[in-house]
Structure formats: C-alpha cells, structure tokens
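Descriptive structure summary
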Amino acid sequence: MAHILIAEDEAAINTLIEKNLTLVGHTCVSVFDGEAVFDAIERHRFDLILLDIMMPKIDGFSVIAELREDIPIIFITARGSVQDRVHGLKLGADDYIVKPFDMLELSARVESVLRRAGKAAQGFALGNVTVDLSGRQVFRNGVPQEFTPQEFLLIEALIQNRNIALSRDKLLDIAWGYDYGGDTRTVDVHIHNIRKKLGWETVIKTVYKLGYRLEVPV
Amino acid sequence: MRLRTFLYTYLLFLAILFFSVSTVSAYMTNNQVHMLQEKSAREYQTIAASVARDVALLDSRGLDARNFSAALGELVNSYTLYYRRHNIELALVNTRLLGAAPPETADTPTLSFRNEDGIHVISISGPLPEPFQFYRLNYQLDISEEIANTEQIRRILLLSTVGFSILAAIALYFILRNVFRPLELVATASRNMADGQYQERIHLKGKHELANVASSFNQMADQVEGHIQLLEEEAERKQQFVDNFAHEIRTPLTSIYGYAEYLQKAPMKEEELIESTGHIMAEAAHMGIIANSLLDLATLRNYVPNIEEISIPALFDEIRQSLSVACREKGVQLHCAYSVDHLEGQTDLIKLLLLNLCKNALTACGPDQGEIWLDANQEGGQITLSVTDNGHGIPADRLSKVTEPFYRADKARSRAEGGVGLGLTLCKQIADVHGAELLIQSEIGRGTKVSTVFTAL
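These numbers come from a predicted model, not from an experiment.

Backbone phi values are negative for most residues with the exception of glycine, while trans is the configuration of most peptide bonds. Residues and elements named next belong to chain A. Looking along the chain, the bond that leaves Lys99 and enters Pro100 is cis, with omega of -10 degrees. Its identity is not glycine, yet Arg136 carries a phi of approximately 55 degrees, on the positive side. The partly exposed category is assigned to Arg136, around which 13 C-beta atoms lie within 10 Å. A positive phi angle, close to 55 degrees, is found at Asn141, a residue other than glycine.

Residues and elements named next belong to chain B. Pairing geometry for strand β10 (residues 436-443) and strand β11 (residues 447-454), over eight bridges, is antiparallel. Across the sheet, Leu438 pairs through a bridge with Thr452, a residue of β11. Counted along the chain from β10 to the antiparallel partner β11, the turn is three residues long, and its residue Gly445 has a positive phi close to 80 degrees.

What follows concerns helix α2 (residues 65-84) of chain B. For α2 of chain B, which comprises 20 residues, the first-to-last C-alpha distance of 28 Å matches the rise-based estimate of 28 Å (1.5 Å per residue) to within 8%. Of all 20 residues in α2 of chain B, zero are buried; the element is thus mostly exposed.

Now for the environment of Ala108 of chain A. All names here are of chain A. Structurally, Ala108 can be placed in helix α5 (residues 103-116). When the 15 C-beta atoms within 10 Å are taken as the criterion, Ala108 is described as partly exposed. As for Ala108 and Gln160, which are separated by 52 residues in sequence, their C-alpha atoms are 8.1 Å apart.

Between its terminal C-alpha atoms α5 of chain A stretches 20 Å, which fits the 20 Å expected from 14 residues at 1.5 Å a residue. All of the buried residues along α5 of chain A are Met103, Leu106, Ser107, Val110, Val113 and Leu114 of chain A. In a view along the axis of α5 of chain A, the buried residues occupy a sector of 135 degrees, so they form one face of it. The exposed set on the far side of α5 of chain A, more than 90 degrees from its buried face, consists of Glu105 and Arg116 of chain A. Buried residues along α5 of chain A sit in contact with α1 (11-23), β3 (48-52), β4 (73-77), β5 (95-98) and α6 (149-160) of chain A together with α4 (209-265) of chain B. Following α5 of chain A by one or two positions, Gly118 of chain A adopts a phi angle in the positive range, close to 75 degrees.

Time to look at the packing of helix α1 (residues 2-60) of chain B against α2 of chain B. Residue and element names in this part refer to chain B. Axis separation between α1 and α2 bottoms out at 11 Å; the angle between their running directions is 155 degrees. The orientation of α1 relative to α2 falls into the category roughly antiparallel. Crossing of α1 over α2 shows right-handed handedness. Each of Val51, Asp54, Val55 and Leu58 in α1 lies in contact with α2, whose residues at this interface are Phe68, Ala71, Leu72, Leu75 and Tyr79.

Criteria and thresholds
Residues numbered from 1 in each chain as written. Chains lettered and ligands numbered in written order. Predicted model: local features only at pLDDT ≥ 70, side-chain atom pairs only at ≥ 80, totals over all residues. Buried ≥ 20, exposed ≤ 12 C-beta atoms within 10 Å, placed from the backbone. Pairing = 2+ DSSP bridges. Helix = DSSP H or I, 4+ residues; strand = E, 2+ residues; numbered from the N terminus. Expected span 1.5 Å × (residues − 1). Arc of directions from axis to C-beta. Contact = placed C-beta atoms within 7 Å. Axes fitted to C-alpha atoms, helices over the stretch in contact; angles between N-to-C directions. Parallel < 35°, antiparallel > 145°, perpendicular 65-115°, else oblique. Left-handed = near helix turned anticlockwise from the far one by under 90°.

Quick look at the structure:
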C-alpha cells in the first residue's frame, strides 16, 4: 500500500488522519509544519502528501509552489471558499478535502488520487484468498470464484475501506447506484454469498445497526 | 451647457455684426447717390448758365429763325459732344416749338433718379434762365459705374464679415473651452466619485469661484473617502472575524466528528476508545471556551462598568494566588510592585484583564528562567497597570493584529496551551469600556510589555 506524508498542524487531526489511513492499509509519516515537509521528503519516498493550508512557518500553498518532486498532493483546508480551492488546484494539487471530512471521503479521495498516479494497489491477499483488483478476479486457493458484478463491487469497496464499517446504504449505493430502489436486505443476501464463497464468515464482520466491515490485521 | 452658451453668444454676435455692416453699407450707398445728385445739380446749374449765355449771344446777333436754329443746333451739338465724354447726355428742347404751354408756375429744375435694367441715371430737367425760359435743358448723368463700384465694396465688406464670423466662431470655441474646463473637471470628478473612485480630487489653481468649488469638493471627497475607508475597514474586520470564527469552529468540529466516526466504524481497542473520547471531550471543551469568550465579548460591547474602588494590593494578591500553581509548574517567577493603592474600575473585569495578560505572559515564557512583573504606577493623574515578561516576544509585523479576534501570534503554542485566540481581544474590550488604552511593546527574544493606561477615569 501507499506511503503517505501527513502535514497538518493540529495534532488531534493529524493523528486522526493517520489512524484512518493506517486502518485501510497505508503507512504514514506525520509532520506539523510546512518546513518539516521538505525534511520528510528528503528522508522518505512518498506516494502522496496530505497538506494542510494553514500551517506555521510555511503555509500549504507555498509548500505546493516550492515542491519540486513529482508527488501527488491532496490539500486539506478549513476554508471551503472556491478561491482557495481553485488556487490550490492551480498550483498543482491533485485534489482537496474540506474540514470537517468523513473517513470514507478521505479514503475515497486518497484512493482515487493514488489510482490516477498509478500507485494504487493492484491486488489484495488475505489468507488463502487473493483478489486481482485490476483484472476483477477473485481466487480462493488459486481457484477463480464466480461473482456477479455487484458482488465484485462490494468486495472492492470492503477491501478499499478495510477496517472501516460500511453502512448497508453505502454498500447499496456503491454496488447498485444511487437510483437503485432496492431494499438494504439485498446487501445482506450478497454479503452472505461472498462470505460463503470465500470462507470469510469471520473476516466480514457484521457491525451492530450499521453494516459490514472487512477486518484485516493492521 | 457649453454648446448652448456657444450658440447664444455666437448668434448674438452675428446679429450685431450683420446689422452694423448692413447699416453702414446702406448709409454708404445713400451717401454716394446723394453726393452724385448734388454734384449733378451743380453741374446742371453751370451748364444751364453757360448755355443761357451762349443762347443770349446768338440772340443778340439778330439772325433769322432758320440761321438761329442752325446755330443753336450747332451749339447744342458741341455741348452734347463735349459732355458725352463725361457720361452726361444733354438735350435742349424748345417748348414753344412743341406747342406746349409754357410753364406757369415758377419753373425750377427737377431732379430724378432712375434705375433701368441695371443702368442708374440721374436726370435733371429745367428751363434756362430768363428770358429763355421756354428752352428746357435736359440733363442725364449715367452713374452705373459708381453704383457698381459701391456694390463691389459692399460685396467685399460682406465677404470679410463672413470671414470674421468664422474666425470669431473658432476663437469663441476655444475661449469657452477654457472657461468651461474647470466645470468639466468638477463634473468628471463627481462622476468618478459616484462610480466609487473616492480618491478623486480636483486640481485647480487660482482664487476664482470655481477654485472655491473645487476646494469644497476636495474637502467633501476627503470626508467621504475617510468614512468609506472606515466602513470598509469595519466590514473587513467583520469578514475577518467571520472567517476566523468559521476556521476556529471547523478545527474542533473536524476532530469531534472524525473521532466519533472512528469510534463508530473502526474495530474497537480499549486504548483507542480512551484516546478518541479524550480528543472529543477536549475539543468540545475548547468549543465551550470559545462560546463563553464570545459571549463575554458580546456582553462587554457597549457595557458600562460598575465603577468601584479597587484595592491594588488585594487585586495583585488574588492574581498571585490564581497563578501560583501554573507559575510553579512552569518555573516562572511573578513579581508584583505598586506605587499607587487604589484604582477605579469594575473589580472582576480588571482581574480578568490582568489574569489574561498574565496567562499570555506565562505562555510566552520559556521554561525555568521565566519572570513576570506586575506593576501599578501613577503618572500625571493616569494609572498604568502593566504586565511584563521576559519571554520570546512578538514579531513587529504581528503586533498590530494581536487584539483581533482569533488571531494568535504563535498558533502552535497557543493551541497547545488551550488558548482560543480571544484573550487579548477581551482585554482590549475591557480596557475600552473603562476608557483605558492597551499598549503593547515587544522585542523578539527579550519579552513583551502590555500596559493598560487608564486615561478617562
């Protein structure tokens, strides 16, 4: 998975982002001001930088402007003004996240920027199950398993948001789209299929009143 | 306006000019005709006298009728030939031969002026002197040439008048442009001001009325610009406040929402539960402090303090007690000194002011060698309370902003100490309602001195 630099001066938020990204399988380095970004870049090779705009010493915009290395950047801003966003994107940022943000938004944006940069994970392995994300195939003990397109989308969403509980509504949206009028029990049926075919009865946890979570040791 | 003035002035000018010119030329023509008539009359008299003399001479020779008329014809012929060279036609008519009755009345020469097909003629007809009154002498002077000359002069006069009129129009245009330029400057400046360019001024020299208008206009512009600037600054401050407030609220909100979501969605571990709820509670408490501080600020706006006598030694004691724990933890020494015992003000507010200033000083102080001086002095009837520290100081460019809401000279340190960025704003507000002034002096690495000078009370 990706190696990500988190530049955010609010310690609580920095830790929060780190926890979230670690959960879904990334490794992180945290810095708390703009100057430290450049030090960290010299020591590590990062796949992505999450950059707060309002930071001590050197602000995020200046960091983007001065950065020479070709690393994808998502900037984080508390000010949601259009000018700020446009300014950041013009400077070469790949995406932006406005505070307050939720976990799924964060992981989705990180995932999409990584994919665009060609740095997204191509596959996933857990026990005797391997998933070829780009080839859209699932193997159990090396034997391909048959899944409907919706079921594969569910597996993909669970893997990308591993260790994060996804609500039934969210899963329904992901696999069937917003305009699907179906019942959330449809999700239960397909999750049951996936569990049975992959032997994931304990790997996909049912979260009380919420939905499902793919639990993977961090 | 300029065009109208130009038209009216020019029309008036043209009317006067053309009236004068036509009057003069009419007078000239009349005068010339008159002179020619007088000249003709004199000439006629001379010719008539001369003809009469010659006729008398002929008569005295005693010729018979035939010879007399032949001689007379010769005589008249020679006169005619002579005067024809002077454009004068003469004729002598014997009225008796024509059978006309001799004139009864006193027959005087009659003068007439005719104009036939462009040929102007003065004709005089009258009898010869006695005794030859039955002879009529007809005299005709052709004055076409003189009339034509006069016409020529009139034409030249008219042409030059038209030329002058055009020149006058051009001159008038430039004069009016000069005269109206100040007015146009005023008009342009007013228009620009109406469009929001409040820095517009009129530059006019001299002491005439328009210069006065310009100077009044400039004064008005100064006033308007000043007011607009104040309003803009006020609006900017408000906007800044709203922006800062939104930012201040978003940060704890992000933490609260984020950690709550984490608790809900991530696999639970005991230590993460404690850590996350700890963040949530701390941020909620932080928001509580912001809310209270904002409420204090709102209450203090236009607040009239309950003025009472404050004992400075007692006040300093209370502050020393409140801060004793914090001072001990940071290893900071607090020194109190006063040369005045009493101060007029609202006790709890003044205490809050000093506490806030001392907390800022504590934050600024480095560990273990920090010192804070709390002083009360009186100078020229003004009491000054000051809090001085030997901390890291505030950069000069941030000094003017430190009393703005949510502004933090050192964001990271302030947040770490639980500050919300409203302390100095509150202090300034407290100073304001007491009619006091908050003065901040600072030097990087040397320390900061915040003085509250009580001027009005």
